[in-house]
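In case you want the letters, here they are:
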Amino acid sequence: MLIRKSEGICSSEITPKSLYLNRRKFLARAALAGAAAATAWRMRELGSPVTRVLAGNKINGIQKSPFSTTETITPYQDVTHYNNYYEFSTDKEGPAELAKNFRTRPWKVKIEGAVEKKLELDVDEIIKMAPPEERIYRHRCVEGWSIVVPWIGFSLSELIKKVNPTSKAKFVEFTTLYDLNQMPGERRDVLEWPYVEGLRMDEAMHPLALLCFGMYGEDLPNQDGAPLRMVLPWKYGFKSAKAIVRIRFTEKQPMNTWNISAPQEYGFYANVNPHVDHPRWSQAKERRLGEFFKRPTLMFNGYDQVASLYNGMDLRKNF
Ligand code: MTE
């Protein structure tokens, strides 16, 4: 994502970088004859001992979700080493290393705003609110790359129902951690800190909206948003806030970090919409990490079950 701050950092150099990454992988895997063989190889890699060494604590009692896609899962190595996490770095490869020692316990989450009772919950209390589900979701970044990840969590609605929002609650705002000692990226003026995101209440209550604390059968790695993040598969990745410390119910539409930073480029809704180009590039296609050829991007990232939330809205204006 481009940053138009005084430093003028173009962090991702978006297309060249992802092209580079994927070309490198393509060449490395060229010996594997054809896409089918490559896919089979990647699936074996996922279950390999190497994956286990890299991963965290196993999560027990995971249920399968009917919302899961059957598409090929992106290798763990890619999902954990190609991250957007500006609190640590504007480089894709940076967060894996820089977030290595990030402390995710103890971790409190404030529930505030239009709720019957304001709360401060321990993240482990939240995690136990509902049985963990594995949701294999497509996840599309506004920069044009996508991944398929077996996330673990439960619908955000499970939490919302338990905290009793009042009738004034029309939106939900997510605020992520501000900690200059732990998050070196926050010393830089590249975004307004802390990172904030928001949803309309009906979006937040949609069963697809996932409150996420794990992936690939285990705890969420730090660079992917531990201990608690959102995953909104029908929206561009920037809506899925990582390292959440506050959930606030509001009457007015909250501001969101990327919209503050570049309102003409990043909207509040940020639904995946191949018909609305980013001002500087097309959104019609995407490249899945680990693949060489682009594929067409689908409206709502293929999650048509959310379409009714936007009936009557012009999704070109409300991008
Ligand atoms: N959350 C926080 N706190 N900080 C960030 O920089 N980046 C967003 C989103 N959530 C971001 C964040 C963007 S731009 C994307 S594409 C996704 O996280 C990337 O998630 P991933 O690294 O797990 O793929």
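Residues numbered from 1 in each chain as written. Predicted model: local features only at pLDDT ≥ 70, side-chain atom pairs only at ≥ 80, totals over all residues. Heavy atoms only, no water.

Draft legend 1. Representation of the overall build of the protein chain. Tallying secondary structure elements over the protein chain gives 9 helices and 13 strands in all. Taken across its 319 residues, the protein chain has 58% of its residues classed as buried. Looking at the protein chain alone, contacts between residues at least 24 apart form 72% of all its contacts between residues at least 6 apart. Within the structure as shown, the protein chain displays about 14,000 Å² of accessible surface, and the carbon and sulfur contribution to it stands at 54%. (Helix = DSSP H or I, 4+ residues; strand = E, 2+ residues; numbered from the N terminus. Buried < 20%, exposed > 50% of the residue type's maximum accessible area, 1.4 Å probe, protein only. Contact = heavy atoms within 4.5 Å. Areas by Shrake-Rupley, 256 points an atom, 1.4 Å probe, with all protein chains shown as cover.)

Draft legend 2. Quick look at the site of the ligand. Around the ligand, 18 residues are found, and the nearest of them are Y86, E87, R229, S240 and K242. In this structure, N84 approaches the ligand through a main-chain N or O atom, which is 3.3 Å from a nitrogen atom. Of the residues that constitute the shell around the ligand, the class distribution is 9 nonpolar, 5 polar and 4 charged. (Near = heavy atom within 4 Å. Polar contact = N/O pair within 3.5 Å; in protein donor to acceptor, adjacent residues only side chain to side chain. Nonpolar A, V, L, I, M, F, W, Y, C, P; charged D, E, K, R; others polar.)

Draft legend 3. View of the packing of aromatic side chains. The tally for this structure, following the rule as stated, stands at 15 aromatic pairs. Centre to centre, the rings of Y137 and Y303 are 5.8 Å apart; their planes meet at 75°, and the pair counts as edge-to-face. Here Y303 lies in the segment after β13 (295–296) and Y137 lies in strand β4 (residues 133–140), a separation of 166 residues in the sequence. Y303 matches Y137 in its accessibility class, with the two residues each being buried. Between the aromatic rings of F292 and F293, the centroid separation amounts to 5.2 Å while the plane-to-plane angle is 80°, which identifies the pairing as edge-to-face. Looking at F292, the relative accessible area reads 27%, which means it is partly exposed. On the basis of relative accessibility, which here comes to 62%, the residue F293 falls in the exposed class. Three or more aromatic residues joined by ring pairs make a cluster, and in this case those are F171, F268, Y269, F300 and Y310. Between R138 and the ring centre of Y303, over which it is positioned, the NZ or CZ distance is 4.5 Å. (Phe/Tyr/Trp six-rings, centres within 6.5 Å; stacked < 30°, edge-to-face > 60°. Lys NZ or Arg CZ within 6 Å of the ring centre and 35° of its normal.)

Draft legend 4. How the structure looks around the pattern of salt bridges. As enumerated under the stated definition, the model contains 19 salt bridges in all. Ionic pairing is found between K100 and E97, a salt bridge with its closest N-O pair at 2.8 Å. Between D202 and R200 there is a salt bridge, with its nearest N and O atoms 2.7 Å apart. Linked through salt bridges whose partners overlap, the residues forming this network are E71, R138, R140, E286, R288, E291 and R295. (Salt bridge = Lys/Arg side-chain N within 4 Å of Asp/Glu carboxyl O.)

Draft legend 5. Summary view of the sheet that holds strand β2 (residues 108–113). Sheet architecture is open: 5 strands sit in the order β3-β2-β11-β6-β7, paired in mixed fashion. Pairing within the sheet leaves two strands with one partner each, and these edge strands are β3 (119–122) and β7 (196–200). On average, each strand axis in the sheet is tilted by 20° relative to the strand beside it, whichever way the strands run. Across 5 bridges, strand β6 (residues 171–176) lies against β7 in antiparallel orientation. Within β7, the residue paired with E173 across the bridge is G198. (Pairing = 2+ DSSP bridges. Axes fitted to C-alpha atoms, helices over the stretch in contact; angles between N-to-C directions.)

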